[in-house]
Amino acid sequence: MNMTYNQGKFKPKPPDKGSFPLDHTGACKLAKIDYMSCLRRSDLDNSACRELSKAYLKCRMENNLMTKEEWKNLGYNDDTKTAATESSDKTDSSASSKS
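Quick notes on the rules
Residues numbered from 1 in each chain as written. Predicted model: local features only at pLDDT ≥ 70, side-chain atom pairs only at ≥ 80, totals over all residues. Heavy atoms only, no water. Disulfide = S-S within 2.5 Å. Helix = DSSP H or I, 4+ residues; strand = E, 2+ residues; numbered from the N terminus. Buried < 20%, exposed > 50% of the residue type's maximum accessible area, 1.4 Å probe, protein only. Expected span 1.5 Å × (residues − 1). Contact = heavy atoms within 4.5 Å. Phe/Tyr/Trp six-rings, centres within 6.5 Å; stacked < 30°, edge-to-face > 60°. Lys NZ or Arg CZ within 6 Å of the ring centre and 35° of its normal. Arc of directions from axis to C-beta.

Glancing now at the state of the cysteines. One pass over the structure, following the stated rule, counts two disulfides. A sulfur-sulfur distance of 2.1 Å marks the disulfide that ties Cys 28 to Cys 59. Its S-S torsion of approximately -95° makes the covalent link between Cys 28 and Cys 59 left-handed. Taken together, the residues Cys 28 in the segment before α1 (29–41) and Cys 59 in helix α2 (residues 50–62) connect sequence positions 31 residues apart. Overall, Cys 28 belongs to the buried group, its relative accessible area being 1%.

Rendered as structure tokens:
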């Protein structure tokens, strides 16, 4: 006897943050490709690709493909830099101080 008839009707629940439309025009395609490539290179370590994911989300917000949110609500702090950004900043400042 099949028990699926006794479980009641399935009622889908909408996403918490609303819809997330597809990028039919490709407005953020390059940002997405950069982020996905970074994930592949880093064995899916998303912390290594944090700035690229932020750039992708920024593109989506600027092109009305998602609701504009504060970065802190998306897990980013404006004053927090990734290790890669910090190391490039140190390299840039070291090089300029030696000149």
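We now examine α2. In this model, α2 (13 residues) spans 18 Å end to end at C-alpha, consistent with the 18 Å of a helix rising 1.5 Å per residue. Among the residues of α2, those classed as buried are Ser 53, Lys 54, Tyr 56, Leu 57, Cys 59, Arg 60 and Met 61. Each element contacted by the buried residues of α2 is listed here: α1. In the segment just after α2, Asn 64 is the residue with positive phi, at about 55°.

For the structure shown, the criterion picks out one aromatic pair. Relative to Tyr 76, the ring of Trp 71 has its centre 5.5 Å away and its plane inclined at 85°; by these criteria the two rings are edge-to-face. The same class applies to Trp 71 and to Tyr 76, which are both buried. Above the plane of the ring of Trp 71 lies Lys 54, whose end atom (NZ or CZ) is 5.0 Å from the centre.

Next up on the list: α1. Here α1 is 13 residues long and its end C-alpha atoms lie 18 Å apart, about the 18 Å a rise of 1.5 Å per residue gives. Residues of α1 that are buried: Ala 31, Tyr 35, Cys 38 and Leu 39. Buried residues in α1, looked at end-on, bunch into an arc of 100°, giving them a common side. Looking at α1, the residues exposed on the side facing more than 90 degrees away from the buried face are Leu 30, Arg 40 and Arg 41. In the core, the buried residues of α1 are packed alongside α2. Just downstream of α1, Asp 43 is the residue with a positive phi angle, here 55°.

Shape is all these values report; function is a separate question.
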